[in-house]
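Coordinate inspection notes
Okay, here's what each chain looks like letter by letter:
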Amino acid sequence: MAECSSRARTAGAWRSWPRSLILALGLGILVSLPSLRVGLLLDDLVHRLALSGQVASLGDWGPLTLYEFVGGPRTDPARLRESGLLPWWASDSLSVRFFRPLPSALLTADAWLFDDAPFPAHLHSLAWFLALVTLVGWLHRRLLPPSLAALATVLYAVAAAHLFPVAWLAARHPLVSALLGLLALAAHLRYREEDWKPGRVLAPLALVAALFSGEAALGAVGLIGAYEVFGRREGWRQCARRLAPYALLVTAYLFFYASQGYGARGSGGYLDPIGAPGAFLATLLQRVCILVGELVVATPSDAASGTPELHSGFAAWGALATVGALLMLRALQSRLSEQERGTLRWLLPGGLAATIPGAAGIIGGRVLMVPLLAGSALVAVLILRGWAAAREATLPRRHQILLRSAVVVLVLGHCVLGPLFRVGLGVALGRIADAQWRIAREAPPCAGTMVMVAAADPSISLYVPAAMLLQGRAPRLYRLLSAAPHDHVLERTSPEAFDLVVSGTPRHPGFWELVNRDTPPPIGTKLRLGDLNVTVLESNEGGFTRVHFDFGRALESTELCFVTWSGDGLRALTLPPPGEHLALPYSRGPAGL
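Residues numbered from 1 in each chain as written. Predicted model: local features only at pLDDT ≥ 70, side-chain atom pairs only at ≥ 80, totals over all residues. Heavy atoms only, no water.

**A look at the packing of helix α13 (residues 277-297) against helix α18 (residues 397-442)**
Interaxial distance between α13 and α18 falls to 8 Å at its minimum, and their mutual angle equals 100°. It follows from the interaxial angle that α13 and α18 lie roughly perpendicular. Taking contact as the criterion, the partners of Glu294, Leu295, Val296 and Val297 in α13 are, on α18, Leu410, Gly413 and His414. Classifying every residue of the contact of α13 with α18 gives four nonpolar, two polar and one charged. (Axes fitted to C-alpha atoms, helices over the stretch in contact; angles between N-to-C directions. Helix = DSSP H or I, 4+ residues; strand = E, 2+ residues; numbered from the N terminus. Parallel < 35°, antiparallel > 145°, perpendicular 65-115°, else oblique. Contact = heavy atoms within 4.5 Å. Nonpolar A, V, L, I, M, F, W, Y, C, P; charged D, E, K, R; others polar.)

**Details of the sheet that holds strand β9 (residues 532-540)**
Backbone-to-backbone hydrogen bonds join strands into a sheet, with any given pair of strands oriented parallel or antiparallel. With antiparallel pairing, six strands are arranged side by side in an open sheet as β8-β9-β10-β7-β6-β13. Only two strands of the sheet have a single neighbouring strand rather than two, namely β8 (526-529) and β13 (581-584). Recorded for the sheet is a direction-independent mean angle of 20° between the axes of neighbouring strands. By the bridge criterion, four bridges tie β8 to β9 in an arrangement that is antiparallel. Bridging across to β9, Leu529 finds its partner in Leu532. (Pairing = 2+ DSSP bridges.)

**Observations regarding the confidence of the model for the chain**
When pLDDT is averaged along the chain, the result is 91; 96% of the residues meet or exceed 70. Helix α6 (residues 118-143) holds the highest mean pLDDT among the elements of the chain, 97, whereas helix α1 (residues 2-13) holds the lowest, 50. Under a pLDDT of 50 for its full length, residues 1-8 has, in the predicted model, zero contacts with residues more than four places off or in other chains. (pLDDT = per-residue confidence, 0-100.)

**Side note on the sheet that holds strand β2 (residues 95-97)**
A sheet is described by the order of its strands in space; here three strands give the open sequence β1-β2-β3, paired in antiparallel fashion. Of all strands in the sheet, those bounded by a partner on one side alone are β1 (68-70) and β3 (263-265). Strand-to-strand, the axes of this sheet are offset by a mean angle of 15°, without reference to chain direction. Direction of pairing for β2 relative to β3: antiparallel, over a ladder of three bridges. Across the sheet, Ser95 pairs through a bridge with Arg265, a residue of β3.

**Things to note about the nonpolar core**
Grouped together as the largest cluster of nonpolar side chains are 181 residues, with contacts concentrated most on Leu182, Phe498, Phe549, Phe551 and Phe562. If we skip the residues at most four places from it in the chain, Phe498 touches Leu481, Leu490, Glu491, Arg492, Thr493, Val547, His548, Phe549, Phe551, Leu555, Phe562 and Leu575. (Core = buried A, V, L, I, M, F, W, Y, C linked by side-chain atoms within 4.5 Å. Buried < 20%, exposed > 50% of the residue type's maximum accessible area, 1.4 Å probe, protein only.)

**What to know about the packing of aromatic side chains**
Going through the model one piece at a time under the given rule, you end up with 17 aromatic pairs. Note on Trp88 and Phe544: the rings are 5.0 Å apart at their centroids and 45° apart in plane angle, and the pair reads as tilted. Linking Trp88 in the loop between α4 (77-83) and β2 with Phe544 in strand β10 (residues 543-550), this pair joins segments that are 456 residues apart in sequence. Residue classification places Trp88 among the buried residues on the basis of a relative accessible area of 6%. Arranged with centres 5.2 Å apart and planes meeting at 80°, the rings of Tyr227 and Trp346 form a pair that is edge-to-face. Pair noted here: Tyr227 is in helix α11 (residues 217-232) and Trp346 is in helix α16 (residues 338-359), with a separation of 119 residues, a long-range link. With a relative accessible area of 3%, Tyr227 lands in the buried category. Trp346 gets classed as buried once you look at its relative accessible area, which sits at 3%. Members of the aromatic cluster, each reached through a chain of ring pairs, are Trp88, Trp89, Phe498, Phe544, Phe549, Phe551 and Phe562. Cation over ring: Arg97 sits above Tyr262, and NZ or CZ is 4.4 Å from the ring centre. Above the ring of Phe544, the side-chain terminus of Arg507 is found at 5.3 Å from the ring centroid. (Phe/Tyr/Trp six-rings, centres within 6.5 Å; stacked < 30°, edge-to-face > 60°. Lys NZ or Arg CZ within 6 Å of the ring centre and 35° of its normal.)

**A closer look at the state of the cysteines**
Using the criterion set out here, one finds one disulfide in the structure. A disulfide bridge connects Cys446 with Cys561, and the sulfur atoms are separated by 2.3 Å. Disulfide Cys446 to Cys561: torsion about the S-S bond roughly 90°, handedness right-handed. On the criterion of sequence distance, the pair formed by Cys446 in the loop between α18 and β4 (449-452) and Cys561 in strand β11 (residues 560-565) is long-range, its members being 115 residues apart. (Disulfide = S-S within 2.5 Å.)

**A closer look at the packing of helix α10 (residues 198-211) against α11**
Where α10 meets α11, the axes come as close as 8 Å, and the angle between the chain directions of the two elements is 150°. With respect to each other, α10 and α11 are oriented roughly antiparallel. Only Ala217, Leu218 and Val221 of α11 make contact with α10, whose side of the interface consists of Leu207, Ala210 and Leu211. For the contact of α10 with α11, the residue count by class is six nonpolar, no polar and no charged.

**Remarks on helix α20 (residues 463-470)**
Of all eight residues that make up α20, six are buried, and the element is covered over most of its length. All buried positions along α20 are accounted for by Tyr463, Val464, Pro465, Ala466, Ala467 and Met468. Residues of α20 that are buried sit in contact with α3 (43-52), α18, β4, α19 (458-461), β5 (477-480) and β12 (570-572). Positive phi appears at Gly472, one or two residues downstream of α20, with a value of about 80°.

Here it is in structure tokens:
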């Protein structure tokens, strides 16, 4: 009996503050360890190129503008297509520019302090992550009973959603904006509930800093708004007065954002509410369901981000899981304390609102740093209160089985599969980074124009050439002909030209195709890039299926180097004679695309 009592006291001690926070931080570090060995990859390479000055003549990227990829005064799509930094099918209206000067400055500081060493830069990201978990722990402790707060903070710390912000330097910005945005929420709560006068000023100031860090800050405004509307319930006049400073800041931010051309347009990866409002709302709802599915049952949205054909299935599962969670919460209402009911009354709608800004971009767990505050609180309530209810002898056997099954699903998803996914994908990202540099080192040398005939994975089609440039072995010019995730057939039509045919039905758009264009190029599209003339001969709703490429010179010229992705590296192509064809089978790249 004494031993059992001692074990119970030990378990109870870990549910109390600050030991519960130490446990959450320790587990968060543990599942982040594989992320610390990930090298520079994907947009990290583009950022290093911009900071190195090697592409200064092609754009206006700088220490505070690393996330303004295309669409700026000196980075119009036509200019970047001509230079080879964008593929030929990139839309004339393509604009992908994000106002994130603070994260840009932090990445610039990394490059200045650590040069090309990624490990200390990852420690920098880890510090932001641990600070965020600490703040979330403080908020959970304030909003929930001790046992629920402890579990909610642990669930937040080990969530798979943190994978990319910790492992990928270019994706650090959600940690920065979420930390500052939640600081605004924390200051606002103290001001409203404790009459802490500094909070009246610090909350808006923290929000300004968050808005300088990324769009995730808008999610924090959703939480503050939900707190005033559903939490305080003091009437609309009082609510409007309390929210006025935040409304003014958000209005000014959105006006500045729009007037300066920030945001994403002309891209199928991002949503444009002005150009196509109907499609925007339908796709936004689908993406919100996918993200809520990760919040509720830890279904990793990163698994669907690069595969559009999976979105409908993930969205249906997310909607089903959300309905199940709400029904479970309703069944447990009588067992919740007044504090729990009062917190969830505003935290859940606020968390749902906080998913909307992230759903407008390329979905993935990295956009859930703010709504995960609410998601982890909900799941903690469902697990602990659901398990306690299932043990009540007065509850019908069928209800006990249903509750226990639901709790097992939640525990399995959030405490086992989610962390395992985070660890496993962290290891995989390290391998992708290593593969990019290896493939760049082993790529066939080319002193003229390197023509990548087919490569669906952007880790090959975009970032390997960037790695070659950083290694000092880049070709004079680079062209990508197709990123379709299908087999191809190259049909030689003349000494200077060939048709590239995309095989297979139905035609699925590739991830890199969607990012660079919102609709497929129609039949008859013609484009001239230097000596290269491009004509789209056949196309459908999935993308182009036959394109004619005329290089204006014999294809055997030493000025042209034709390569393709072959499964483990770039392979030099020997083109067939006129009238013949060459089959190019599709193979996935290091990122699995």
